[in-house]
Amino acid sequence: MPEAQPELPCPFEKRFPSQLVRDDVFFMTLAYNQAIDAWRRDEVPIGAVIEVGGEVVASAHNTVEGVRDPTAHAEMLALTQASARLGDWRLEGATVYVTKEPCPMCSGAMLMSRVRRVCYAVPDPKMGCLGGATNLNDLPRVNHHVELTAGGVLEEECRGLLQAFFRLKRGGPDGQS
């Protein structure tokens, strides 16, 4: 097991949404909080939450660097948690909330696990595969398609978090080393 790292300071604060209205903003806020946890562990700040019937069944953030595993994306970890909790690899009633558009691996896993819906905050024109660089959901021969909410839900907040993280990694406020 990897050695525990001290938490890094994150200039963004977690949010505490009301439990009374469990809508897209509520669940995306929980994913945003997961992304802040990722930042504090020096991981790319992406978070994911999976909801079924109004209840959170999984939540995770990227751990790629910490566990040295290229598959340790927030979405993959959350899908594994949800499957274990629900006792089935088929997540037919689930909605995945993720702070950035899923990559090819994560998009494919969501299709394969038959999630009902994916809601992502920030589109990714370079690597996103649910509408950004390409859309695996549009493949005509795929036997399952997800409902999609692409961008708009906490998009500005999630984008700001990602941009600030990479600006810091590049060496300064303007991104120059």
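Residues numbered from 1 in each chain as written. Predicted model: local features only at pLDDT ≥ 70, side-chain atom pairs only at ≥ 80, totals over all residues. Heavy atoms only, no water.

Enquirer: Teacher, can you tell me more about the pattern of salt bridges here?
Expert: Pairing is possible between side chains that carry opposite charge, provided their charged atoms lie close to one another. Taken as a whole and assessed by the stated rule, the structure comprises ten salt bridges. D124 is paired through a salt bridge with K100; the nearest N and O atoms lie 2.8 Å apart. You can see D124 sitting in the loop between β4 (117-122) and β5 (147-150) and its partner K100 sitting in strand β3 (residues 95-100), a full 24 residues away along the chain. For the pair formed by D124 and K100, the shared burial category is buried. For E147, the salt bridge is made with R116, and the minimal N-O distance between the two is 3.5 Å. Here E147, found in strand β5, pairs with R116, found in the loop between α4 (104-112) and β4; they are 31 residues apart in sequence, far enough to count as distant. On the accessibility criterion, E147 (43% relative accessible area) is partly exposed. (Salt bridge = Lys/Arg side-chain N within 4 Å of Asp/Glu carboxyl O. Helix = DSSP H or I, 4+ residues; strand = E, 2+ residues; numbered from the N terminus. Buried < 20%, exposed > 50% of the residue type's maximum accessible area, 1.4 Å probe, protein only.)

Enquirer: Please clarify how helix α5 (residues 155-170) should be interpreted in this entry.
Expert: Since the α-helix advances by 3.6 residues per turn, residues separated by three or four positions end up pointing in the same direction. Compared with the 22 Å implied by 1.5 Å per residue over 16 residues, the 22 Å span of α5 between its first and last C-alpha is a close match. For α5, the set of buried residues is C158, L161, L162, A164 and F165. Relative to the axis of α5, the buried residues are bounded by an arc of 160° and lie together on one face. Of the surrounding secondary structure, the elements contacted by the buried residues of α5 are α1 (24-40), β3 and β4. A positive phi of about 110° marks G171, the residue just after α5. (Expected span 1.5 Å × (residues − 1). Arc of directions from axis to C-beta. Contact = heavy atoms within 4.5 Å.)

Enquirer: Would you mind showing me how to read the packing of aromatic side chains here?
Expert: A complete count under the given rule lists five aromatic pairs for this structure. Aromatic pair F26 and F27: ring centres 5.0 Å apart, planes at 85°, arrangement edge-to-face. Across the pair, F27 and F26 agree in class, each one buried. Cluster of aromatic residues (ring-pair linked, three or more members): F12, W39, F165 and F166. The ring of Y32 has R15 sitting right over it, with the charged end atom 5.3 Å from the ring centre. (Phe/Tyr/Trp six-rings, centres within 6.5 Å; stacked < 30°, edge-to-face > 60°. Lys NZ or Arg CZ within 6 Å of the ring centre and 35° of its normal.)

Enquirer: Would you explain the packing of α1 against α5 in this entry?
Expert: Helix-helix packing is characterised by the crossing angle of the two axes and by the distance between the axes. One way to put it is that α1 packs onto α5 with a least axis distance of 10 Å and a crossing angle of 10°. In terms of orientation, α1 lies roughly parallel with respect to α5. Note on element contacts: α5 touches α1 through E157, C158, L161, A164, F165 and L168, opposite Y32, A35, I36 and W39. (Axes fitted to C-alpha atoms, helices over the stretch in contact; angles between N-to-C directions. Parallel < 35°, antiparallel > 145°, perpendicular 65-115°, else oblique.)

Enquirer: How should I be thinking about the pairing of β3 in this particular structure?
Expert: Both faces of the sheet carry side chains from a regular strand, because those side chains alternate between them. A large share of β3 lies buried, amounting to six of its six residues. Of the strand pairs in this sheet, strand β1 (residues 47-52) and β3 are connected by four bridges, and their pairing is antiparallel. Within the sheet, the bridge partner assigned to V49 lies in β3 and is Y97. Sheet analysis places β3 next to β4, joined by five bridges and oriented parallel. Bridge pairing in β4 links V98 to Y120. Crossover handedness for the path β3 to α4 to β4: right-handed. (Pairing = 2+ DSSP bridges. Right-handed = clockwise from strand over helix to strand, strands pointing away.)

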